[in-house]
Amino acid sequence: MNNIDNSPNHSLIRLSQAQLNLLELCPPQFQRIYLEQLGSPISPEVQENLLWGNQFHQLMQQYFLELPLDSILEVNQDLKNTVNSLLKAVNEKHNLNFHSWKEAEHYRSLEKDNYLLSAIYDLLIVNKNQAEILDWKTYLQPQNKKKLENDWQTRLYLYLLAETSNYLPEQISMTYWFVKIPYEPQYLRFEYNQQLHEQTTLELEYLLSNLDNYLLDYNQNNIDFPHYKTCETNCPYYQSFFSETVDFNEVEDNSDLLSMIDEIEEISI
Ligand code: SF4
């Protein structure tokens, strides 16, 4: 099944944070992966990381559903220590009292023009005057906080909650928890406010209006999604798009651009 469904039978196109990231970074790759399903195969190392990430998310969901974890944790002491450290830290940092409502794997969506924007929060904690989005990452805390702040996961998750709840942007936050055996959990927290909300609204509208135009050209005139002039000169993919046979695995370059695209591609598969 297509990751993005733009068939006439479905009036709304579903978009997640991974798709927004790729659309903003590289429209031709967005076309290739989401419209034409031409993603590169994932390496065994990435597959292993994805498997561990999925298992960890399931474990946390089980905990917040109040299901027992003992049988899983007893056979892996390192995992047990890491999970216990994370739960202790989360209980200390967040407003998890008996008045709070919480839900793991909480789904939120919003119709915006022709699109259905959607997100799944690893954990949502709400209190009378505060709503906290938590996300588990199974790698070490990144050095560049700004990059994470600008990631569409942060922008979209905060935006969706502000748009679909009664909480003011100032009452909403998002915290990433970084977990990697054998390190202690670390976190990065992002507070939201009205100014950021307005900024995200404008950025989102700009991106979606571009996508409207790209899809119209693609569907009606068979025109490919455009390249950005600003990245053509240092992009290892750029020339490959003009070859008849494109093998992106043969493109050898360690530029930031390439790794950013690959990162998004891996996450979105
Ligand atoms: S030049 Fe490269 S990064 Fe830029 S839009 Fe084209 S393929 Fe994407």
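What counts, and at which threshold
- Residues take numbers from 1 onward in each chain, read along the sequence in its written order.
- Only residues with pLDDT of at least 70 get local features here, since the model is predicted, and only at 80 or more are side-chain atom pairs given and counted; chain-wide, interface and lining totals rely on the full set of residues.
- In this text, near has one meaning. A residue is near a molecule or strand if its C-beta atom, placed using the backbone, is within 6 Å of it.
- Where helices and strands are cited, they refer to DSSP runs of H or I of at least four residues and of E of at least two residues respectively, numbered from the N terminus.
- When residues are grouped by polarity, Ala, Val, Leu, Ile, Met, Phe, Trp, Tyr, Cys and Pro land in nonpolar, Asp, Glu, Lys and Arg in charged, and all others, Gly among them, in polar.
- Strand pairing follows a simple DSSP-based rule, namely that at least 2 bridges must link the two strands.
- By convention in this section, buried Ala, Val, Leu, Ile, Met, Phe, Trp, Tyr and Cys residues joined through C-beta atoms within 7 Å make up a nonpolar core.
- Whether a residue is buried, exposed or partly exposed is read from the other C-beta atoms within 10 Å of its own C-beta, which are placed from the backbone; 20 or more gives buried, 12 or fewer gives exposed, and intermediate counts give partly exposed.
- In this description, a residue-residue contact is defined by the distance between C-beta atoms placed from the backbone, which must lie within 7 Å.
- The angle between two axes is taken between their N-to-C directions and runs from 0 to 180 degrees, where each axis is a line fitted to C-alpha atoms and a helix contributes only its stretch in contact.
- Angular relationships are summarised with four words: roughly parallel below 35 degrees, roughly antiparallel beyond 145, roughly perpendicular across 65 to 115, and oblique for the angles in between.
- Helix crossings are classified by the rotation of the near helix relative to the far one: an anticlockwise turn of less than a right angle makes the crossing left-handed, while a clockwise turn makes it right-handed.
- Helix span, expected: 1.5 Å multiplied by one less than the number of residues in the helix.
- The directions from the helix axis to the C-beta atoms are what the arc is built from.

(A) Local environment of the site of the ligand. Residues in close proximity to the ligand total twelve residues, the closest being Cys26, His227, Cys231, Cys235 and Tyr237. By residue number, the principal contributor to the shell around the ligand is helix 2 (residues 27-35), which donates three residues. In the shell around the ligand, the residues fall into nine nonpolar, two polar and one charged.

(B) Looking closely at the pairing of strand 3 (residues 115-127). One ladder, built from three bridges, connects strand 1 (residues 13-15) with strand 3; its direction is parallel. Paired with Arg14 across the two strands is Leu116, which belongs to strand 3. In this sheet, strand 3 lies alongside strand 2 (residues 101-112) in antiparallel orientation, the contact comprising eleven bridges. Each residue of the ladder has a partner; that of Arg108, found in strand 3, is Ala119. Connecting strand 2 to the antiparallel partner strand 3 that follows it, the hairpin turn spans two residues, and Asp113 within it adopts a positive phi of roughly 55 degrees. Strand direction decides the pairing type here: strand 3 and strand 4 (residues 130-137), joined by five bridges, are antiparallel. Along strand 4, the bridge assignment pairs Ile125 with Glu132. Hairpin connection of strand 3 to strand 4: two residues between the antiparallel strands.

(C) Main features of the nonpolar core. With 46 residues, the main nonpolar core has Leu156, Tyr157, Leu158 and Leu161 as its most contacted residues. Those residues in contact with Leu156, other than ones at most four positions away along the chain, are Gln17, Leu20, Leu117 and Ala119.

(D) Representation of the environment of Leu160 in the model. Topologically, Leu160 is positioned in helix 7 (residues 152-164). Taking the C-alpha atoms as reference, Leu160 lies 6.9 Å from Leu110; in sequence the two are 50 residues apart. Residues contacting Leu160, with those up to four places away along its chain left out, are Arg108, Leu110, Leu117 and Ala119.

(E) Up close: the packing of helix 1 (residues 17-25) against helix 2. Two elements in contact, helix 1 and helix 2, have axes separated by 6 Å at closest approach and are oriented at 140 degrees. When the axes of helix 1 and helix 2 are compared, the pair comes out oblique. Between helix 1 and helix 2, the contacting residues are Gln19, Leu22 and Leu23 on the first element and Pro27, Gln29, Phe30, Ile33 and Tyr34 on the second. By residue class, the composition of the contact of helix 1 with helix 2 is six nonpolar, two polar and no charged.

(F) Quick peek at the packing of helix 1 against helix 7. Contact geometry for helix 1 and helix 7: axes closest at 8 Å, N-to-C directions at 130 degrees. Here helix 1 is positioned oblique relative to helix 7, judged by the angle of their axes. Judged by the sense of rotation from one axis to the other, the crossing of helix 1 with helix 7 is right-handed. Where helix 1 approaches helix 7, its residues Gln17, Leu20, Asn21 and Glu24 are matched on the opposing element by Trp152, Gln153 and Leu156.

(G) Region of the structure containing helix 5 (residues 77-93). Between its terminal C-alpha atoms helix 5 stretches 24 Å, which fits the 24 Å expected from 17 residues at 1.5 Å a residue. Buried within helix 5 we find Thr82, Val83, Leu86 and Val90. Here the buried residues of helix 5 occupy an arc of 95 degrees about the axis, which is enough to place them on one side. What points out from helix 5, more than 90 degrees from its buried face, is the exposed set Gln77, Asn84, Lys88, Asn91 and Glu92. Those residues of helix 5 that are buried lie in contact with helix 3 (44-64), helix 4 (70-73) and strand 5 (172-178).

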